[in-house]
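Architecture at a glance
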Amino acid sequence: MTGIRKALAAVFVGLALTLSAAAPAAQAAQAAQAAQAAQADKLKLTVAGDGAQGVTIQATYADGRRLEQVVRLVLTATGPDGQRVGPVQLEPQPEGQGFYSSGPVLSTGTWKVSVNSPAPLAGKATATVQAKAAQSPPAPAPVAVTTPTDDAGSAAWWPLAAAGLVLVAVAMGVAMLFGRRRTT
């Protein structure tokens, strides 16, 4: 065998050994990547009442990252006396990323609410929500309009101002009379 053939054979043997040693590491990396992708494909849904007759949902990735895309969320609810609502598809709200709201869909009472998100970003959450009738703010207390009892303090300034103007006018007139006299 010539020297070049020996060198090429040594390179091929080294390459084969390197590839066979790297195969388990590549498989482990693929398994870790698949586990991370499976975790990234799940949603954490937080369901709560909105204080009236609706439901709010905050959607994040299972690892806590903020949701950066719109997902399809479907709400179903079972209420007092077996009442059912849904399925209702929820739309994202402008309050923040991953924030969804149902609007007033529940009647007054205690409701068991379920929210589902289908694949590719799967998630499910259930919560008990107390729906209350929407309340308007209380009427403001009437304010009594009164006039000040001491009118002398607020109206006493104008006679003083008028007297001051008269004095200034008299002083100017006197100055003009004496200033025009000619001495010959």
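About the thresholds
- Residues numbered from 1 in each chain as written.
- Predicted model: local features only at pLDDT ≥ 70, side-chain atom pairs only at ≥ 80, totals over all residues.
- Heavy atoms only, no water.
- Helix = DSSP H or I, 4+ residues; strand = E, 2+ residues; numbered from the N terminus.
- Buried < 20%, exposed > 50% of the residue type's maximum accessible area, 1.4 Å probe, protein only.
- Contact = heavy atoms within 4.5 Å.
- Areas by Shrake-Rupley, 256 points an atom, 1.4 Å probe, with all protein chains shown as cover.
- Salt bridge = Lys/Arg side-chain N within 4 Å of Asp/Glu carboxyl O.
- Polar contact = N/O pair within 3.5 Å; in protein donor to acceptor, adjacent residues only side chain to side chain.
- Pairing = 2+ DSSP bridges.

1. Topic: the overall build of the protein
- For the protein, the count of helices and strands is three helices and seven strands.
- Looking at the 184 residues of the protein, the share that counts as buried comes to 20%.
- In the protein, the proportion of contacts linking residues at least 24 apart, taken out of those at least 6 apart, comes to 55%.
- Summed over all atoms, the accessible surface of the protein reaches about 13500 Å², with 62% contributed by carbon and sulfur.

2. What to know about unusual backbone geometry
- Backbone geometry places D81, a non-glycine residue, at a positive phi of 60°.
- In this structure, D81 sits in the loop between β3 (73-78) and β4 (84-92).
- A relative accessible area of 80% means that D81 is categorised as exposed.

3. Concerning the environment of T108
- Here T108 shows up in the loop between β5 (99-101) and β6 (109-117).
- Separated by 29 residues in the primary sequence, T108 and G79 have C-alpha atoms spaced 8.9 Å apart.
- Setting aside anything within four residues of it in sequence, one finds T108 in contact with Q53, P80, A131, K132 and A133.

4. A few points about the pattern of salt bridges
- Overall, the coordinates contain one salt bridge when judged by the stated rule.
- Close ionic contact of R65 with D63 constitutes a salt bridge, the shortest N to O distance being 3.0 Å.
- A relative accessible area of 44% places D63 in the partly exposed class.

5. Let's talk about the environment of T126
- Within the element layout of this structure, T126 appears in strand β7 (residues 123-131).
- Given a relative accessible area of 44%, T126 falls into the partly exposed group.
- In sequence terms T126 and L75 are 51 residues apart; their C-alpha atoms lie 9.7 Å from each other.
- Here S114 takes part through its side chain, which lies 3.4 Å from a polar atom of the side chain of T126.

6. Points about the pairing of β3
- Judged from the five bridges that link them, β3 and β4 form a sheet pairing that is antiparallel. Paired with L73 across the strands is L90, a residue of β4.
- Turn length for the β3-β4 hairpin, with the two strands adjacent in sequence and antiparallel, is five residues, and the turn residue D81 shows positive phi of about 60°.
- Relative to β6, β3 runs antiparallel, the two being bridged by five bridges. Paired with T76 across the bridge in β6 is S114.

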